[in-house]
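# A structural walkthrough
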Amino acid sequence: MGSDISVAGALYTIGDGTLRVANSTVAEQVAAHGDDLLMGICAFAAGVLLYRLFRSFLQGQL
């Protein structure tokens with residue numbers, strides 16, 4: 001199904017349109033999944049801002 005390529009001691013598996021790299025570093029993992037991290041940070045920030053907005057509505061400040 002997938003094909004294996006060995007370059008500079010690392011094993012790359014290509015299959016189903018994805019690239020999987022064995023023995024990747026933490027920096028490489030963060031770079032590969034940076035979009036997920038950014039979406040999580042944005043969702044957290046939106047949640048905090050909505051909480052503060054609703055809390056101010058309940059306190060009658062707006």
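Residues numbered from 1 in each chain as written. Predicted model: local features only at pLDDT ≥ 70, side-chain atom pairs only at ≥ 80, totals over all residues. Heavy atoms only, no water.

## Observations regarding the overall build of the protein
The number of helices and strands found in the protein is 2 helices and 3 strands. When the helices and strands of the protein are read in sequence order from the N terminus, they spell out β-β-β-α-α. Relative to its full complement of 62 residues, the protein shows a buried share of 5%. About 5400 Å² of surface is accessible on the protein, with carbon and sulfur atoms providing 66% of the total. (Helix = DSSP H or I, 4+ residues; strand = E, 2+ residues; numbered from the N terminus. Buried < 20%, exposed > 50% of the residue type's maximum accessible area, 1.4 Å probe, protein only. Areas by Shrake-Rupley, 256 points an atom, 1.4 Å probe, with all protein chains shown as cover.)

## Focus on the confidence of the model for the protein
Looking at the protein as a whole, the pLDDT averages 77, with 63% of positions reaching at least 70. Within the protein, the element-level pLDDT minimum falls on strand β1 (residues 3–7), averaging 56, and the maximum on helix α2 (residues 34–58), averaging 93. (pLDDT = per-residue confidence, 0-100.)

## A closer look at a nonpolar patch on the surface
On the surface, V26, V30, L37 and I41 cluster together into a nonpolar patch covering about 400 Å² of accessible area. Of all the secondary structure elements, the ones that give two or more residues to the nonpolar patch are α1 (26–32) and α2. Among the secondary structure elements, I41 is positioned in helix α2. (Patch = residues over 30% accessible without salt bridge, like charges linked within 9 Å, V, L, I, M, F, W, Y side chains within 5 Å. Salt bridge = Lys/Arg side-chain N within 4 Å of Asp/Glu carboxyl O.)

## Things to note about α2
In this model, α2 (25 residues) spans 36 Å end to end at C-alpha, consistent with the 36 Å of a helix rising 1.5 Å per residue. Taken from the residues just after α2, G60 is the one with a positive phi, measuring 75°. (Expected span 1.5 Å × (residues − 1).)

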